[in-house]
Amino acid sequence: MKGNRALLALWALFWLLMIAVEIQDNYGDRGIQWWEPYLWEGSSCFAATLWLLVERRAADHWNQYLAQPWQWFARHLAWMPIVIVTFIAAIYGIRHGIYALTTETYEHEPWSFIFMYESIKLVLFAGLWLGIIFGLESFARWRHEREQLLTLQKHLAESQLAQLRAQLQPHFLFNALNTISSLMQVDVERADRLLTRLADLLRSSLQASSRNTTSLREELKLLELYAQIMQERFTDHVTLNWKIAEDALDTPIPPMLLQPLLENAFKHGVERSRRPVNIQVTAEKHGDELRVTIFNSDSTLSAEPSSGIGLRNCRERLEVLYRGRASLRLEPHDSGVAARLALPVNPS
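Treat the numbers as computed from the prediction; the structure is a model and nothing was measured. (Residues numbered from 1 in each chain as written. Predicted model: local features only at pLDDT ≥ 70, side-chain atom pairs only at ≥ 80, totals over all residues. Heavy atoms only, no water.)

Novice: What should I look at first to understand the overall build of the chain in this one?
Specialist: The secondary structure content of the chain amounts to 10 helices and 7 strands. In the chain, which comprises 348 residues, the share counted as buried stands at 40%. In the chain, the share of contacts with a sequence separation of at least 24, taken over all contacts with a separation of at least 6, comes to 71%. Surface summary for the chain: the accessible area is close to 20100 Å², and the carbon and sulfur share equals 58%. (Helix = DSSP H or I, 4+ residues; strand = E, 2+ residues; numbered from the N terminus. Buried < 20%, exposed > 50% of the residue type's maximum accessible area, 1.4 Å probe, protein only. Contact = heavy atoms within 4.5 Å. Areas by Shrake-Rupley, 256 points an atom, 1.4 Å probe, with all protein chains shown as cover.)

Now the structure itself:
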């Protein structure tokens, strides 16, 4: 539709220019009346426009050959004999008719010359306009196919993200229930308290996972719920420090992205250490990036990329959402390991 509007606009501009040139060429000629240039070019415009409308009505038929340009042009040009004959008959019929109504006589070159002259001119103009039409139609098809591809990629990314979220939730639940089961026979009251907090955490995580993004503020609330569960298990064995920049709290972030990172800090730091462990969570905006670091002071985790489901899940989600504009690294830091996450502040 937009391609047709652009074509018709060019067509109107072209014929206005042709009429203006015809008027200019005959300006001041006392043997020509003022209306004659309008009639000459107007009749040509009328006949040519009828054929353009016929071509546009059959556009769907022609456009199946857009991928084969020579065939597209050949099928159009095969109609040229019919176009030439009907075009010449139409324009000279109109001119003779109008002249007859004005009691004037329309004088012109012999018909053999007219047929040759008009045929050559029509073939040249037809080639020009077929090239313009082919370019507009090819661009319209490319744009349509590009939009289809982008839509397909979006649906594929959404499906992949949904699969990753579905993979993460049972993984997280399994680990949380393992934590609670380890206390069930030792301290029933603490286990009951953990179950209550787990229910709160699951309720919040289900609400968050239904959205594509959440704010860092909401994500940290989930992280604190998870941290409370883990601190309840490792009483007097772990301390958490939160250093969150105020201007970073409203930054959009994928939901449940930080929980696997904190879980890794507990699993590879707190669980395997006999000494008290300090875990520090920091978040700040740095230019166009949000930088989140989760550091644990005593870890057996290598700084090499982990094959664990949590970190692998995080990296895959980042790749789907940000296409290389986000990063997640594990780096040795002092006597422990820091998980460093960098996200663009504006995902688009």
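Novice: What is the right way to read the sheet that holds strand S4 (residues 277-286) from this model?
Specialist: The strands that make up a sheet are held in pairs by hydrogen bonds between backbone atoms, and each pair lies either parallel or antiparallel. Taken together, 5 strands build an open sheet; the order of strands is S2-S4-S5-S7-S6 and the sheet is mixed. Pairing within the sheet leaves two strands with one partner each, and these edge strands are strand S2 (238-244) and strand S6 (327-333). Here the strands of the sheet are splayed against their neighbours by 15° on average, with no regard to which way each runs. Here helix H9 (residues 259-270) sits on the sheet and contacts S2, S4, strand S5 (289-296), S6 and strand S7 (336-344); the angle it forms with S4, its principal contact strand, is near 150°. (Pairing = 2+ DSSP bridges. Axes fitted to C-alpha atoms, helices over the stretch in contact; angles between N-to-C directions.)

Novice: How should the packing of aromatic side chains be read in this particular structure?
Specialist: What characterises a pair of aromatic rings is the spacing of the ring centres plus the angle enclosed by the ring planes. Across all of its chains, the model carries 16 aromatic pairs by this definition. Judged by centre distance (5.3 Å) and plane angle (40°), the rings of Phe73 and Phe134 are tilted. In this pair, Phe73 is assigned in helix H4 (residues 69-77) and Phe134 in helix H6 (residues 111-184), connecting sequence segments 61 residues apart. You can call Phe134 buried: its relative accessible area is 16%. Measuring from centroid to centroid gives 6.3 Å for Tyr226 and Phe266, while their planes differ by 85°, and the two rings are edge-to-face. Here Tyr226, found in helix H8 (residues 216-233), pairs with Phe266, found in helix H9; they are 40 residues apart in sequence, far enough to count as distant. (Phe/Tyr/Trp six-rings, centres within 6.5 Å; stacked < 30°, edge-to-face > 60°.)

Novice: Mind showing me how you'd approach the packing of H8 against H9 here?
Specialist: Each pair of packed helices can be summarised by the angle the axes make with each other and by the distance between the axes. Where H8 contacts H9, the two axes come as close as 10 Å, and the packing angle between them is 25°. One finds that H8 runs roughly parallel with respect to H9. For H8 against H9, the interelement crossing comes out right-handed. For the pair H8 and H9, contact is made by Glu219, Leu223, Tyr226, Ala227 and Met230 and by Gln259, Leu262, Glu263 and Phe266, respectively. By residue class, the composition of the contact of H8 with H9 is 6 nonpolar, 1 polar and 2 charged. (Parallel < 35°, antiparallel > 145°, perpendicular 65-115°, else oblique. Left-handed = near helix turned anticlockwise from the far one by under 90°. Nonpolar A, V, L, I, M, F, W, Y, C, P; charged D, E, K, R; others polar.)

Novice: Can you walk me through the nonpolar core in this structure?
Specialist: One recurring pattern in soluble globular proteins: nonpolar side chains tend to sit buried together. Counting 47 residues, the largest nonpolar core has Leu258, Leu262, Phe266, Ile279, Leu341 and Leu343 as the members making the most contacts within it. With 9 residues, H8 is the single largest residue contributor to this core. Each residue touching Leu343, except ones within four places of it in the same chain, is listed here: Ile253, Pro254, Leu257, Asp288, Glu289, Leu290, Leu318, Tyr322 and Ala326. Judged by nonpolar contacts, the second largest core, of 31 residues, contains Trp15, Leu52, Leu66 and Ala126. (Core = buried A, V, L, I, M, F, W, Y, C linked by side-chain atoms within 4.5 Å.)

Novice: When you look at the layout of surface pockets in this model, what are you seeing that I'm missing?
Specialist: There is about 1000 Å³ of room inside the largest pocket. Lining of the largest pocket is provided by 38 residues; of these, Phe87, Glu118, Lys121, Leu122 and Phe125 occupy positions nearest its centre. Top contributing element to the lining of the largest pocket by residue count: H6, with 11 residues. (1 Å grid on protein atoms, 1.4 Å probe; cavity = no way out; pocket = protein on both sides within 12 Å on 5 of 7 lines; lining within 4 Å. Points joined across faces, edges and corners; volume = space filled by probe spheres on them.)

Novice: What am I meant to see in H8 here?
Specialist: Because each turn of an α-helix spans 3.6 residues, side chains separated by three or four positions end up pointing in the same direction. End to end, H8 covers 26 Å across 18 residues, agreeing with the expected 26 Å (1.5 Å per residue, within 8%). For H8, the full list of buried residues reads Leu216, Glu219, Leu220, Leu222, Leu223, Leu225, Tyr226, Ala227, Ile229, Met230 and Glu232. (Expected span 1.5 Å × (residues − 1).)

Novice: Can you help me understand the packing of helix H2 (residues 36-57) against helix H5 (residues 80-101) in this one?
Specialist: Their axes nearest at 9 Å, the elements H2 and H5 cross at an angle of 145°. Considering only the axes of H2 and H5, their crossing is right-handed. Contact residues: H2 offers Glu36, Leu39, Trp40, Ser43, Ser44, Phe46, Ala47, Ala48 and Trp51, while H5 offers Ile82, Val83, Thr86, Phe87, Ala90, Ile91, Ile94, Arg95, Ile98 and Tyr99. When the residues that make up the contact of H2 with H5 are grouped by side-chain class, the tally is 14 nonpolar, 3 polar and 2 charged.

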